[in-house]
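# Secondary and tertiary structure notes
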Amino acid sequence: MSNPTDDRLCCDIIEIKGLNKWYGEFHALKNIDLTVKEGEIIVVCGPSGSGKSTLIRCINFLEKFQEGSIVVDGTELTDDVKKIRQVRSEVSMVFQHFNLFPHLSIIDNLTLAPIWVHNETKQQAKEKALTLLDRVGIKDQAEKYPNQLSGGQQQRVAIARALCTSPKIMLFDEPTSALDPEMISEVLDVMIELAKEGITMLCVTHEMGFAKKVADRVIFMDEGQVIEQNTPDKFFDNPESERLQLFLDQILTN
Amino acid sequence: MAVYPLKETKKAPQSQTKAIQWLKENLLSSTSNVLLTLVALYLIYLILPPILNWTIFDANFDLTADNDSCGREGACWAFIYDNFKMFIYGFYPEEELWRIDAMFGLIVVMIMFGSWIKKSQYRMHYIIGAFLVYPVAAFFLLHGGLGLEVVGTDKWGGLTLTIVVAAVGIVASFPLGILFALGRQSKMRIVRFISIVFIEFVRGVPLITILFMASVILPLFFSVGMDFDKLLRALIGITLFQTAYIAEVIRGGLQAIPKGQYEAADASGLNFVQKTTLIILPQALKISIPNIVGSFIALFKDTTLILIIGLYDMLAIVGAATSNSSWLGRNSEGYVFVAFVMWVILYSMSRYSKKLEVRFSTEHKN
Ligand SMILES: Nc1ncnc2c1ncn2[C@@H]1O[C@H](COP(=O)(O)OP(=O)(O)OP(=O)(O)O)[C@@H](O)[C@H]1O
Ligand SMILES: [Mg+2]
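Everything in this summary refers to the structure shown in the same document. Please read these numbers as outputs of a predicted model, since none were measured by experiment.

### Some details on a positive patch on the surface
Residues and elements named next belong to chain B. Together, Lys118, Lys119, Lys355 and Arg359 make up a positively charged patch on the protein surface. Position of Lys119 among the secondary structure elements: in the loop between helix H4 (97-116) and helix H5 (123-143). Lys119 gets classed as exposed once you look at its relative accessible area, which sits at 80%.

Right, here's the structure in full:
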């Protein structure tokens, strides 16, 4: 498997080796090997149930796995709670359904982890949160509650919340697929900005425009395996495997 | 193609007045409903006049009357007047009654102060402090010590005792209930097992049995001769009982929290205690509030059962007051009065919980 790289990408920040994961009897991830370099933007796509979510959720240990190893920025993920928290403090996640905390105001959603996990002062955390809200274009909503915002705004808040802890790695699990069509671009724009800044991103999405624009590498998964990975140009123009061709035909026709 | 102008909005046609519409919708919507309405009206006709006659029209409101001069055709309200102190304070010594008033006065003042500093950033500190300090203060006021004359719990009674028992049950069972609710969801098998056994055992037994067990079995655990306060036994029994119910109510709230909340909390690196206290419990408690209040109302009613282990709550005072030779046979007045007082308290609680419910459900939606 070729691992296309770029000059600005130097060191491996995520190393996944021989990863196997079962849900009961169901073999959800089959022998996955994947290395991600610092600053790399990776898009993961594939049919429903192919294990995309499972794979990226293993990286911050929201899912346990039975075989293989995952090393994130030098820390190997095991059952050890300290190591899990170490990894989670460097990895942030954005969910399909936002998962904002409905009982906290937007600003409190953003400052929670910085204050409680990263021991920042309230003042520090608040200043940073306001800067980030400004960046995603919703500074004026800071005192509102999540349910008072539109879906697109909520997802932008979720991205700001994820950024609040200055993570090295951002995981996105279908961040736009729960949104009304007219709100997708406002979220994608924020993500594109982010991608240009050099943060490492792993993004499960079917937004092929986004992949073409910013991805360094696109990965195609099916039945719990990585079937093909390539630079966006080759991935979309010259898909090698038959399954990927089929998949691309399907998503491009509708 | 054509372009259509916007149409004006019109009010829905209203042919009948609100009252008639209400009648039609609620009482006369179907044949069976009409029948039920008629039966209900007939029952009211049968029951209401005698009750009104006895309590008001034929009753004797002369508060100086005694048992003989009062007459027997209607209620004799002088009985309540004469025994009013006993209904409220039980057998508490006359010259120490100010201590009970002070205890109730203190809580009113504290609540008023709490709502006055609603906006302050120290409000939470105040509430937690109040929860820690008040029970201690109330204990010394009621029981004595620290220079106050000791009044044994056998002298406590009446509405005071009812409120003390209910309040202790409520305040003590709440944190315990939270712990057992969390325990029942715990990943640790032994913790889960203990929680389930406790909750299901207590819920499977009537309060009366628990009270008897508390008053008979608890003393066995303590060395002979040591006098284990009767009231304390009742309080332990009631608290255990209430804990099981509160635990189940809160578990319902916990189960309503979407999985995504746990995941978001985990993903941001919060540890278990932070996740539980900052994310999960606040939401779960908010959802459970109406049911928690409902359970407290049930407890308040159930406190009347403590009379069977020989404590004189307000209901038991009726018996005590009518066994006094000067007021023989006035039980009905006593029971009606107790029912009325209980109804006022419980109905206010239930109205309050309705209000909370409405407030929280709108907060959750918008
Ligand atoms: N908690 C679970 N228990 C059992 N099976 C699960 C669980 N979570 C996922 N699976 C199964 O694992 C497989 C991979 O799921 P996963 O959510 O990773 O797919 P996905 O590629 O993200 O799909 P989608 O595009 O629908 O989100 C699916 O077949 C799914 O049914
Ligand atoms: Mg998925």
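Now that the structure has been shown, the text picks up again.
### A few points about unusual backbone geometry
If a residue is not glycine, its phi is most likely negative; likewise, a peptide bond is most likely trans. The phi torsion at A:Phe61 lies on the positive side, around 65°, for a residue other than glycine. Structurally, the position occupied by A:Phe61 is in the loop between helix H1 (52-59) and strand E4 (67-72).

### What to know about the packing of aromatic side chains
Residue and element names in this part refer to chain B. Scanning the model with the defined rule gives 15 aromatic pairs over all chains in all. Both rings, one in Trp54 and one in Trp77, keep their centres 6.1 Å apart while their planes meet at 75°; by these two values the pair is edge-to-face. Of the two residues, Trp54 is situated in helix H2 (residues 31-57) and Trp77 in the loop between H2 and helix H3 (78-89); the sequence distance between them amounts to 23 residues. Taking relative accessible area as the criterion, Trp77 reaches 16% and is therefore assigned buried. Look at Phe113 and Tyr126: their rings are 5.1 Å apart centre to centre, the planes differ by 65°, and that puts the pair in the edge-to-face class. Here Phe113, found in helix H4, pairs with Tyr126, found in helix H5; they are 13 residues apart in sequence, far enough to count as distant.

### Observations regarding the packing of helix H7 (residues 189-203) of chain B against helix H9 (residues 230-255) of chain B
Residues and elements named next belong to chain B. In the contact formed by H7 and H9, the axes pass within 9 Å of each other and the chain directions differ by 115°. On the basis of the axis angle, H7 is roughly perpendicular to H9. Our pair here, H7 against H9, has a crossing hand that is left-handed. Of H9, the residues touching H7 (which contributes Phe198, Ile199, Glu200, Val202 and Arg203) are Leu240, Phe241, Thr243, Ala244, Tyr245, Ala247 and Glu248. Considered class by class, the residues forming the contact of H7 with H9 number eight nonpolar, one polar and three charged.

### Let's talk about the pattern of salt bridges
All names here are of chain A. For the structure shown, the criterion picks out 20 salt bridges over all chains. Across the pair Lys21 and Glu63 runs a salt bridge whose closest N-O atoms are separated by 3.7 Å. Within this pair, whereas Lys21 is found in strand E1 (residues 12-23), its partner Glu63 is found in the loop between H1 and E4, the two being separated by 42 residues in sequence. Judged by its relative accessible area of 13%, Glu63 is buried. As a salt-bridge pair, Arg217 and Glu40 come within 2.9 Å of each other at their nearest N and O atoms. Taken as a pair, Arg217 in strand E9 (residues 217-222) and Glu40 in the loop between strand E2 (26-37) and strand E3 (41-45) lie far apart in primary sequence, 177 residues in all. An identical accessibility class is assigned to Arg217 and Glu40; each is buried.

Criteria and cut-off values
Residues numbered from 1 in each chain as written. Chains lettered and ligands numbered in written order. Predicted model: local features only at pLDDT ≥ 70, side-chain atom pairs only at ≥ 80, totals over all residues. Heavy atoms only, no water. Patch = residues over 30% accessible without salt bridge, like charges linked within 9 Å, V, L, I, M, F, W, Y side chains within 5 Å. Areas by Shrake-Rupley, 256 points an atom, 1.4 Å probe, with all protein chains shown as cover. Salt bridge = Lys/Arg side-chain N within 4 Å of Asp/Glu carboxyl O. Lys, Arg positive; Asp, Glu negative; His and termini not counted. Charge placed at Lys NZ, Arg CZ, Asp CG, Glu CD. Helix = DSSP H or I, 4+ residues; strand = E, 2+ residues; numbered from the N terminus. Buried < 20%, exposed > 50% of the residue type's maximum accessible area, 1.4 Å probe, protein only. Phe/Tyr/Trp six-rings, centres within 6.5 Å; stacked < 30°, edge-to-face > 60°. Axes fitted to C-alpha atoms, helices over the stretch in contact; angles between N-to-C directions. Parallel < 35°, antiparallel > 145°, perpendicular 65-115°, else oblique. Left-handed = near helix turned anticlockwise from the far one by under 90°. Contact = heavy atoms within 4.5 Å. Nonpolar A, V, L, I, M, F, W, Y, C, P; charged D, E, K, R; others polar.

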